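# Notes for the structure review
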There are 2 protein chains.
Amino acid sequence: MTLPTYADVLAAAARIAPHAHVTPVLRSRTLDAMVGAELHFKCEHLQRIGAFKFRGACNAVWALSDVEAARGVVTHSSGNHGGALALAAKTRGIACHVVAPDNTIASKLAAIEAYGATLHLCAPGLAAREARCTEVQHATGAVLVHPYTDPMVIAGQGTAAMELLNHCGTHAYHPLDALIVPVGGGGLASGTALAAAALAPACRVFAAEPAVGADTFASLQRGERISGSQPDTICDGLRGTLGAPNFTLLRTHGVEVLTVDDAETIAAMRLLWTRTKQLVEPSSATVLAALLKHRERFAGQRIGVILSGGNVDLDALPQLFAKEPA
Amino acid sequence: MTLPTYADVLAAAARIAPHAHVTPVLRSRTLDAMVGAELHFKCEHLQRIGAFKFRGACNAVWALSDVEAARGVVTHSSGNHGGALALAAKTRGIACHVVAPDNTIASKLAAIEAYGATLHLCAPGLAAREARCTEVQHATGAVLVHPYTDPMVIAGQGTAAMELLNHCGTHAYHPLDALIVPVGGGGLASGTALAAAALAPACRVFAAEPAVGADTFASLQRGERISGSQPDTICDGLRGTLGAPNFTLLRTHGVEVLTVDDAETIAAMRLLWTRTKQLVEPSSATVLAALLKHRERFAGQRIGVILSGGNVDLDALPQLFAKEPA
């Protein structure tokens with residue numbers, strides 16, 4: 001198992017610079033007041049493909065040798081990584097295959113195809129995805145770019161926290177006290193841990209996880225990785241289960257998991273929509289839900305919050321926002 | 001009838017500078033490609049209170065003498081102007097009364113009260129609103145700040161287009177070819193016409209109007225103001241009818257109205273949400289709907305587009321996004 005380092009994050013930043021956006025950082029007086037802290041929202045929903053995932057995929061694609069690149073790339077993804085890899089492959093002009101569960105939201109599937117990738121639908125669940133991915137890999141010779149265990153993907157995701165820490169002033173009188181990101185497979189969380197450890201060692205890193213099937217929480221509690229759970233959450237971006245290198249990095253860097261249930265996430269998403277006018281997806285709202293739930297732990301602190309993506313399935317909104325029957 | 005001039009827009013810009021945001025200008029490759037033009041989106045949904053209305057209200061409040069201000073202010077509004085005046089009054093520490101129809105969306109009413117204003121609900125329709133407003137005015141001595149006919153309000157709204165024109169380069173090799181804004185009572189449209197005439201005389205100004213009860217379109221066609229219509233549109237910010245000074249300014253400056261139906265507006269709103277991740281309200285989407293409907297007229301042009309507000313009623317989304325029954 002190859003673990004990436006902060007040097008890989010720095011290399012990733014240089015590699016993706018011609019292709020990825022340096023996303024803006026937003027503030028909200030109202031949300032600051034509600035949490036009782038100073039929140040700096042890193043807007044990865046404004047990243048290309050509408051999610052941070054483009055950073056890791058782009059880094060992985062451009063880190064390939066010309067010979068490897070010529071074989072094309074393949075991955076499995078419940079959505080954002082698929083679109084990200086498809087666009088990253090397009091920037092390098094190489095073939096891309098994406099295996100996606102057939103319950104992936106329509107807008108994410110459409111994005112993958114719009115970027116010119118070949119789509120392979122499979123049954124939901126990690127086992128089915130991995131099996132199908134191996135098939136495609138063997139049939140096409142394409143290089144696997146795993147959505148969250150690939151070291152180049154982890155390093156690429158770390159550039160979001162690197163930008164945020166630098167933006168907020170790592171060498172200033174007062175660097176960020178904490179960073180919080182959502183966790184599914186752990187690519188963003190482990191990359192964030194690498195960046196924080198290097199740039200602001202005193203900055204604690206938190207990961208917000210849907211309470212249903214919270215395998216990252218359980219894994220870190222138990223000290224060994226629990227795999228095989230299949231979280232049934234509205235956070236469609238967080239249905240992966242923690243990867244092995246991700247587990248090691250989160251554990252090494254003392255990342256703490258805060259769990260939130262879907263109702264808390266929906267309430268936080270409504271707040272983000274109403275107060276910042278930013279259309280973030282449910283996965284992104286887990287972080288605000290966690291901050292609101294644990295206000296006492298963050299009181300008065302400067303906190304970096306990564307809004308991970310904005311690929312909302314508008315057709316699912318009626319269910320998401322339906323009121324309880326009277 | 002006192003008509004504001006561009007000098008009033010300039011004075012407004014100076015007056016509101018300590019209180020209002022200079023909002024960002026966004027671009028979208030996808031939307032540019034869909035319209036076949038270069039679109040510069042002025043993000044007034046990121047203005048304070050989530051709408052351009054704060055500009056006009058703030059200008060009107062701070063243009064009062066100390067003696068006038070001490071009496072407080074009163075207005076009637078279907079929503080955004082009420083919140084705007086409430087916050088503007090709060091910035092000056094004076095009393096504010098807002099008359100609002102009882103079908104105003106809940107989030108807008110809540111905002112008005114949150115800023116410390118006194119809310120007076122009335123029946124929907126301009127006549128009921130004006131009658132109630134006069135009552136409150138007599139009872140309290142407060143100064144009326146009309147939502148769109150007040151010259152200081154019009155001048156304040158003009159600062160959005162002024163900023164956008166300056167941002168895009170009025171003296172550059174190629175200023176904006178066109179500006180497009182939504183029209184209800186005409187405050188934003190007439191202020192925009194003043195700014196465009198002064199800063200970029202060749203820049204045409206368009207106003208997008210809901211086709212149902214399109215009184216501005218009819219008024220400009222006929223050459224006289226038609227009042228008294230009560231538009232039944234999903235664009236809750238555009239239910240006012242064209243004011244007298246607004247009519248004169250739109251007519252003088254040759255503003256052209258493009259009508260769009262609600263289905264086109266909803267489709268355009270979905271596009272804006274999906275492509276820019278910005279939560280704009282239906283009124284704001286009329287402008288993109290009009291551009292898409294009249295692509296041939298805007299081909300290859302540089303166009304300034306004012307996204308007027310982002311105060312979406314999330315509880316109404318299930319109806320707004322409900323699919324047609326099969």
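Residues numbered from 1 in each chain as written. Chains lettered and ligands numbered in written order. Predicted model: local features only at pLDDT ≥ 70, side-chain atom pairs only at ≥ 80, totals over all residues. Heavy atoms only, no water.

## A word on the overall build of chain A
Scanning chain A from N- to C-terminus turns up 15 helices and 10 strands. In terms of overall dimensions, chain A is globule-like: its C-alpha atoms have a radius of gyration of 18 Å, near the 20 Å expected for 326 residues. Counting across all 326 residues of chain A, residues that qualify as buried make up 60%. A separation threshold of at least 6 residues defines the contact pool for chain A, and within that pool the share at least 24 residues apart is 73%. Surface exposure of chain A reaches about 11,800 Å², of which carbon and sulfur atoms provide 54%. Taken as two groups, the 26 positive and 27 negative side-chain charges of chain A have centres that lie 5 Å from each other. (Helix = DSSP H or I, 4+ residues; strand = E, 2+ residues; numbered from the N terminus. Rg over C-alpha atoms; globule rule 2.2 N^0.38 Å. Buried < 20%, exposed > 50% of the residue type's maximum accessible area, 1.4 Å probe, protein only. Contact = heavy atoms within 4.5 Å. Areas by Shrake-Rupley, 256 points an atom, 1.4 Å probe, with all protein chains shown as cover. Lys, Arg positive; Asp, Glu negative; His and termini not counted. Charge placed at Lys NZ, Arg CZ, Asp CG, Glu CD.)

## Focus on the pattern of salt bridges
Residues and elements named next belong to chain A. Applying the stated criterion across every chain, the model contains 20 salt bridges over all chains. The closest approach of N and O atoms between Arg27 and Asp32, which form a salt bridge, is 2.7 Å. Overall, the relative accessible area of 43% leaves Arg27 in the partly exposed class. The exposure class of Asp32 is buried, given its relative accessible area of 14%. Between Asp66 and Arg92 there is a salt bridge, and its shortest N-O distance comes to 2.7 Å. Of the two residues, Asp66 is situated in helix α4 (residues 66-70) and Arg92 in helix α5 (residues 80-92); the sequence distance between them amounts to 26 residues. In this structure, a network of salt bridges that share partners links the residues Lys42, Glu44, Arg55 and Glu163. (Salt bridge = Lys/Arg side-chain N within 4 Å of Asp/Glu carboxyl O.)

## Description of the nonpolar core
By size, the foremost hydrophobic cluster in this structure holds 68 residues, and its most contacted members are Trp273(A) and Trp273(B). Excluding anything up to four places from it in sequence, Trp273(B) contacts Trp273(A), Leu279(A), Leu314(A), Leu317(A), Gln278(B), Leu279(B), Val280(B), Val312(B), Leu317(B) and Phe321(B). Formed by 37 residues, the second largest nonpolar core is a distinct cluster that contains Leu194(A), Ala196(A), Leu199(A) and Cys203(A). (Core = buried A, V, L, I, M, F, W, Y, C linked by side-chain atoms within 4.5 Å.)

## Structural notes on the domain arrangement of chain A
All names here are of chain A. When the domains of chain A are assigned, the result is domain 1 (6-51 + 150-321) and domain 2 (54-144). In this structure, domain 1 and domain 2 have C-alpha centres spaced 23 Å apart. Across the contact, 30 residues belong to domain 1 and 24 residues belong to domain 2. Both faces combined, the contact of domain 1 with domain 2 buries some 2,200 Å², and carbon together with sulfur accounts for 56% of it. If you sort the residues of domain 1 by the area they bury against domain 2, Arg15, His19 and Ile49 come out on top, with a joint share of 27%. At the boundary of domain 1 with domain 2, the tally comes to 2 salt bridges. Taken together, the connections running from domain 1 to domain 2 amount to 10 residue pairs in polar contact (both at pLDDT 80 or more). Every element with two or more residues in the side of domain 1 that touches domain 2 is listed here: α1 (6-16) and α8 (151-168). Looking at the side of domain 1 that touches domain 2 element by element, the count peaks at 8 residues for α8. (Domains from an automatic or database assignment. Buried area = accessible area lost by both parts, 1.4 Å probe. Polar contact = N/O pair within 3.5 Å; in protein donor to acceptor, adjacent residues only side chain to side chain.)

## Focus: the sheet that holds strand β7 (residues 178-182) of chain A
Residues and elements named next belong to chain A. What the 6 strands build is an open sheet, ordered β1-β2-β10-β7-β8-β9; its pairing is mixed. The open sheet has two free edges, formed respectively by β1 (25-26) and β9 (256-260), since each of these has just one partner strand. As defined by bridge partners, strand β2 (residues 38-43) adjoins strand β10 (residues 302-307) across 6 bridges and the pair is classed as parallel. Residue pairing in the sheet places Glu38 in a bridge with Arg302 of β10. Contacts from helix α13 (residues 282-293) reach β2, β7, β8 (204-210), β9 and β10, with the element oriented near 135 degrees to β7. (Pairing = 2+ DSSP bridges. Axes fitted to C-alpha atoms, helices over the stretch in contact; angles between N-to-C directions.)

## Side note on the confidence of the model for chain A
Across chain A, the average pLDDT comes to 93, with 97% of residues at or above 70. In the predicted complex, the global pTM is 0.92; the interface-specific ipTM is 0.89. (pLDDT = per-residue confidence, 0-100.)

## Observations concerning the interface of chain A and chain B
Taken together, the contacts link 21 residues of chain A with 21 residues of chain B. Carbon and sulfur atoms supply 58% of the area buried between chain A and chain B, which totals about 1,900 Å² over both sides. In this structure, the connection of chain A to chain B is made through 2 salt bridges. With its nearest N and O atoms 2.9 Å apart, the salt bridge here joins Arg270(B) to Asp315(A). Along the contact surface separating chain A from chain B lie 9 residue pairs in polar contact (both at pLDDT 80 or more). Put simply, the parts of the chain that give the side of chain A that touches chain B at least two residues each are α12 (262-276) and α15 (317-321) of chain A. Examining the composition of the side of chain A that touches chain B, we find that 4 residues originate from one element, α12(A), more than from any other. Looking at side-chain class alone, the side of chain A that touches chain B contains 7 nonpolar, 8 polar and 6 charged residues. (Nonpolar A, V, L, I, M, F, W, Y, C, P; charged D, E, K, R; others polar.)

## Some points on the packing of helix α1 (residues 6-16) of chain B against helix α3 (residues 53-63) of chain B
Residue and element names in this part refer to chain B. Relative orientation of the contacting elements α1 and α3 amounts to 85 degrees, with a least axis distance of 9 Å. Our classification of the angle between α1 and α3 gives roughly perpendicular. On α3, the residues that touch Ala12, Arg15 and Ile16 of α1 are Arg55, Cys58, Asn59, Trp62 and Ala63. Split into classes, the residues belonging to the contact of α1 with α3 amount to 5 nonpolar, 1 polar and 2 charged. (Parallel < 35°, antiparallel > 145°, perpendicular 65-115°, else oblique.)

## Focus on the relation of the copies chain A and chain B
Mapping chain A onto chain B calls for a rotation angle of 180 degrees and an axial translation of 0.0 Å; the resulting RMSD is 0.0 Å. Given the turn and translation reported, the copies of this chain are related as if by a two-fold rotation axis. The rotation axis passes nearest to the C-alpha of Pro318(A) in chain A, at a distance of 2.0 Å. (Least-squares fit on C-alpha atoms with pLDDT ≥ 70 in both.)

## Structural notes on unusual backbone geometry
A positive phi angle is found at Lys277(A), which is not glycine, with a value near 60 degrees. Tracing the backbone through its elements, the reader meets Lys277(A) in the loop between α12 and α13. In this model, Ile49(B) sits at a positive phi of 60 degrees, which is unusual for a non-glycine residue.

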